[in-house]
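Residue-level structure breakdown
Here is how the chains run, residue by residue.
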Amino acid sequence: MISEAAVDKTDPILLIEDEASVIAFLKAALERKGYSVVNASSGAEGLKQLAGGKYSGVISDIRMPGAVNGAEVHDWIQKNRPELGAKIILISGDTANSETQALLARSGTPCIEKPFRVHQLISIVEKTFGKP
Amino acid sequence: MELAVDAAQSRQLPEFLERFASRAARMLDSVWGAVAVFRGRETDLYSTVENEAVVSGALKSWIISSARESRIAAVVRALPRGEAASPVGQAVATSAVFVLISASDGERLGMLCLLRRRKSLDAQEKKLLHALASHAALSLENFRRFSQLEKSKRQWVEDIDAISDYIVVHDRAWKIVRTNRSLASHLGVPPVALVGEAMSGLRQIAETGSDLPCPFCRDTQRPREEYVAASGERIFLVSTSRAPGVAEDDTRTIHVLKDITDRREAERRYRELFDSIQEGLFFATPDGRFLDVNDAMVRMLGYASREEMLRADVSPHLYPAPAARERFLLALAERGVLRNYEETLRRKDGALLHTLQNITAVRDAQGRIAQIRGLMLDVTEQKSFQSQLQRERDFNQKILNTTQSMILVLDTAGLISYANRRCYEAGYREDELIGHRLVDWVEPSHRKDFEAALETTANGQQVENLELQVRRSDESMGHFSISLSPMRDEQSAVNNLVVVMTDITDAVLLQAKLAHSERMATIGRLVSGVAHEVNNPLAAILGFTDLLLENPEVPVSAREDLQIILQETQRTKDIVQDLLSFARQRPVQREPVQVNTVLRQTLKLRSYDFASHGVEVTEEFDETLGPALGDAQQLQQVFLNILNNAYDAVQETGRRGRIAIRTEREANSVQVVVTDNGTGIADPQHIFDPFYTTKQPGKGTGLGLSICYGIVRAHGGEIQCWNNAESGGSTFLVRIPIAAEQLAALAAKEAGR
């Protein structure tokens, strides 16, 4: 069973991203800063991992192939893992479509646009998840 | 009595009167006696011949005037002095006795005059004189009647002879009693030569066809007969009367033969004409009953026969509206003759018949209409044909006048002979079209094409959808679609050309716009996909470059290379960002924006460059403009790009650059028009395509105007660009919709005005 306990900072960050090179870069950048990272290569896989494990935060690409995209991951967390509701960072490959724009505006979920600098990433991660 | 018979039998009146005068003179002891007979104003004197010598001329005159003057039955007058009559051996007469001879009705017939010696008359003598006078009167009267009878008889024969009809009288023995002269002269003999001849001799004249000895008798028992008898070439109307003759057992039969050959012929011809004529002929009473109609009339009105039409009173059926008949009678009474009178009648079967009639009224002595005679034409077919023609004409006219195409008719020389209403609605004047060459309105560089099309059409072939520039009535050029068709005369030679012209300028523009926006949308989708795909590897390149730079193990020389990678990755990122801007992937902040303000801020950014390079900028802003709805930031980018483009264009020409900026309201939009006098655009169709640039390599990415396009479209606005026709350079036009609340406010303001 998953406890109701608050997010434990020592838990890994779940990285949901289909692009291997981007995962490699994100993993390298975050681990170098002292974060532990677990990754899922699709939205569906991400949800599976979310259901079975404990994470300190979630970083998800918005546009992904397959049945589940970033927005749906976001909504699933809000519904099923509310303690992680404010621990989400979205990544967009282009200017988000109007539906996603509405989601971002509504929830205030931080979003980072590709391509981005390492310092931009670290700054937003520290702000959202806290320092490791 | 003896005298009276004598007189009646005598045909010689003078002889009788002289004898009577002489006898009266002897009986009354007179020397001379005479009878004066009054014939009108004349007086004839008959006297005893043997004593003629004793009465002088003067005495005779005196006797006549005295006889005429005398008004009483008997008078004795003395002879005038010196006029005594004294025959040899006898006594001298000195007085005259006048006795009136008057007819039974009192008319004065004459006077008995006696000259005597003795003056007085005794009673015996007076009685005798009166007896003589009444005797003479009777005789004179008889005589006069007899001579009148004679004269009348003679006259009668002359009259009979004067009649041109043949008259013949025969007795029971079939012998001719009399003929008149015309009959005798027809046979070439005097009338008397025929008397006593047999009637059968007249067979050569004509025959009734009976077996009787008389060729003209049919039924001898009838007192009167009338029939037509014919010979070879003549036709006679024979009228027969039978009358008892002088002898009791005799019967006189009188035939009068009237030659009716000509009349018959005329009648026959008339009837033939009447019946064979194709026009309806009729005779009718004023109350509407037909007296006679011809076959054509019967046919026209759909009756079975003439008899059927004459039998019934058909006029109530004939007139579908009784008022029409009243109107007709009134018009006829007024004018007497109706020419080409149009009337709709009803046939027996109920179908309507359109007629054209010529009517004459025949009036009686009192001036009332006694008969109506008329001729009737069936114009139903013409009428329906005519009305169909009229309908077709109206229909065609309506089409010609309501079509949105201009339709013109040209003669083979290309001169306009007709232009439909649309041409005039489009502003052309009749005097500049009719009689002028249509080709003159065609844009000069297109005239060759038009003339070729005219020739093709004149040779009988249709030309369709020829697209040409044609001068409009307001001198502007319009894009027209033109179709030409040949019009042929009866000999199927082309004598006219029909030109249908439609101004498709707007349609062409719209189509071009549509094609352009479709193309832009396709490019947008492509660019968006590419940008997305590029961003992933770009994110890895940028990220790893950053990580490498943060790695202290990386040597300085490699760091410099990494810096270049970082820099170029940044540039790539910018290009991708611009592409996404064009592809409308960037959200638009929709807020009321004062376009004039945005323009002024934008101009401020470039004012230094403009001023230092001598580019003159003129502003013509509508200060009453309401706010547009949009993103001030993005709109500034649009205007900046347009201004940069204009600046580059005027810089290239080398002459003094001018940029004019105008703002105005256009329908529900704010419109910004930027005009420059630069080099113009090589291909305005592609100016908004991504990477389309006319600039030197390295001077621009070719995305600036594409971004403008994306931004303006994301605003729901419009961006256009064209080369200026006359002044050179190019013009950019941007339209941004006005804020809805602003529109509502404007509408309220306008409504309240």
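As a reminder, the structure under discussion sits directly above these lines.
Attention here is on the structure that accompanies the text. On a predicted model such as this, the values are computed, not experimentally measured, just so you know.

1. A look at the packing of helix 18 (residues 632-653) of chain B against helix 19 (residues 704-714) of chain B
Residue and element names in this part refer to chain B. Between helix 18 and helix 19, the least distance of the axes is 9 Å, while the angle of their chain directions is 145°. In this structure, helix 18 meets helix 19 at a crossing whose hand is left-handed. Contact residues: Gln-634, Gln-637, Val-638, Asn-641, Ile-642 and Asn-645 in helix 18; Gly-704, Leu-705, Ile-707, Cys-708, Ile-711 and Val-712 in helix 19. Residues that form the contact of helix 18 with helix 19 fall into these classes: seven nonpolar, five polar and no charged.

2. Here we look at empty space enclosed by the protein
Rolled over the atoms, a probe sized like a water molecule indicates the empty space that remains. All names here are of chain B. In this structure the tally under the stated criterion is five cavities of 30 Å³ or more. Quantified by volume, the largest cavity comes out at close to 140 Å³. In this structure, the largest cavity is lined by 16 residues; those nearest its centre are Phe-282, Phe-290, Tyr-319, Arg-325 and Phe-328. When contributions to the lining of the largest cavity are tallied by element, the ones reaching two or more residues are strand 11 (280-284), helix 9 (315-318), helix 10 (322-335) and strand 15 (369-378). Along the lines of polarity and charge, the residues of the lining of the largest cavity split into 11 nonpolar, four polar and one charged.

3. Observations concerning the sheet that holds strand 13 (residues 337-346) of chain B
All names here are of chain B. The five strands lie next to each other as 12-11-15-14-13, forming an open sheet whose pairing is antiparallel. The sheet is open, and its two edges are formed by strand 12 (290-293) and strand 13, each paired on a single side. Each strand axis lies, on average, 30° off the axis of its neighbour in the sheet, ignoring direction. Judged from the nine bridges that link them, strand 14 (residues 352-363) and strand 15 form a sheet pairing that is antiparallel. Paired with Arg-363 across the strands is Ile-369, a residue of strand 15. Contacts between helix 6 (residues 261-276) and the sheet are confined to strand 11 and strand 12, with strand 12 contributing the most and set at about 90° to the helix. Sitting on the sheet, helix 10 touches strand 13, strand 14 and strand 15, and the angle it makes with strand 13 is about 170°.

4. So, the layout of surface pockets
Residue and element names in this part refer to chain B. Reported here for the largest pocket is a volume of approximately 800 Å³. Taken together, 20 residues form the lining of the largest pocket, with Leu-509, Gln-685, Gln-720, Cys-721 and Trp-722 sitting closest to its centre. Among the elements of the structure, helix 15 (505-550), helix 19 and strand 26 (718-723) are those that each provide at least two residues to the lining of the largest pocket. Across the lining of the largest pocket, the residue classes break down as 10 nonpolar, seven polar and three charged.

5. Re the pairing of strand 26 of chain B
Residue and element names in this part refer to chain B. In this sheet, strand 27 (residues 730-737) lies alongside strand 26 in antiparallel orientation, the contact comprising six bridges. Paired with Cys-721 across the bridge in strand 27 is Phe-732. The loop that links strand 26 with its antiparallel partner strand 27 comprises six residues; one of these, Gly-728, has a positive phi angle of about 80°.

6. Re the nonpolar core
Burial of nonpolar side chains together is a common tendency in soluble globular proteins. The biggest cluster of nonpolar side chains holds 45 residues, and the ones touching the most others in it are Phe-639, Ile-642, Ile-661, Phe-688 and Val-734 of chain B. Filtering out sequence-adjacent residues up to four positions away, Ile-661 of chain B remains in contact with Leu-599, Leu-603, Val-617, Thr-618, Glu-619, Glu-620, Phe-621, Leu-643, Val-672, Val-673 and Val-674 of chain B.

7. Remarks on the interface of chain B and chain A
Each partner contributes residues to the interface: chain B has 20 residues there, and chain A has 21 residues. Between chain B and chain A, a total of about 2000 Å² is buried, with carbon and sulfur atoms accounting for 56% of that surface. In this structure, the connection of chain B to chain A is made through one salt bridge. With its nearest N and O atoms 2.9 Å apart, the salt bridge here joins Arg-117 of chain A to Asp-546 of chain B. One can count four residue pairs in polar contact (both at pLDDT 80 or more) joining chain B with chain A.

8. Re the pattern of salt bridges
Residue and element names in this part refer to chain B. With the rule as written, the count across this model stands at 37 salt bridges over all chains. Salt-bridge contacts for Asp-161 lead to Arg-181; the nearest nitrogen and oxygen are separated by 3.1 Å. Residue Asp-161 is found in helix 4 (residues 123-162), and its partner Arg-181 is found in helix 5 (residues 181-187); the two are separated by 20 residues along the sequence. Taking relative accessible area as the criterion, Asp-161 reaches 13% and is therefore assigned buried. Residue Arg-429 is joined to Asp-431 by a salt bridge in which the shortest nitrogen-to-oxygen separation is 3.0 Å.

9. Looking at the sheet that holds strand 2 (residues 37-40) of chain A
All names here are of chain A. Across the sheet, five strands lie side by side as 2-1-3-4-5; this open sheet has parallel pairing. Strands at the two margins of the open sheet, each flanked by one partner only, are strand 2 and strand 5 (111-113). Strand-to-strand twist across the sheet, computed as the mean angle between neighbouring axes with direction ignored, equals 20°. The sheet contact formed by strand 1 (residues 13-16) and strand 3 (residues 57-61) spans four bridges and is parallel. The residue bridging Ile-13 from the neighbouring strand is Gly-57, located in strand 3.

10. Some remarks on helix 19 of chain B
Residue and element names in this part refer to chain B. With nine of 11 residues buried, helix 19 lies mostly within the body of the structure. For helix 19, the set of buried residues is Leu-705, Ser-706, Ile-707, Cys-708, Tyr-709, Gly-710, Ile-711, Val-712 and Ala-714. Buried residues along helix 19 sit against helix 15, helix 16 (556-582), helix 18, strand 26 and strand 27. Immediately beyond the C-terminal end of helix 19, within one or two residues, lies Gly-716, with a positive phi of roughly 75°.

Rules and cut-offs
Residues numbered from 1 in each chain as written. Chains lettered and ligands numbered in written order. Predicted model: local features only at pLDDT ≥ 70, side-chain atom pairs only at ≥ 80, totals over all residues. Heavy atoms only, no water. Axes fitted to C-alpha atoms, helices over the stretch in contact; angles between N-to-C directions. Helix = DSSP H or I, 4+ residues; strand = E, 2+ residues; numbered from the N terminus. Left-handed = near helix turned anticlockwise from the far one by under 90°. Contact = heavy atoms within 4.5 Å. Nonpolar A, V, L, I, M, F, W, Y, C, P; charged D, E, K, R; others polar. 1 Å grid on protein atoms, 1.4 Å probe; cavity = no way out; pocket = protein on both sides within 12 Å on 5 of 7 lines; lining within 4 Å. Points joined across faces, edges and corners; volume = space filled by probe spheres on them. Pairing = 2+ DSSP bridges. Core = buried A, V, L, I, M, F, W, Y, C linked by side-chain atoms within 4.5 Å. Buried < 20%, exposed > 50% of the residue type's maximum accessible area, 1.4 Å probe, protein only. Buried area = accessible area lost by both parts, 1.4 Å probe. Salt bridge = Lys/Arg side-chain N within 4 Å of Asp/Glu carboxyl O. Polar contact = N/O pair within 3.5 Å; in protein donor to acceptor, adjacent residues only side chain to side chain.

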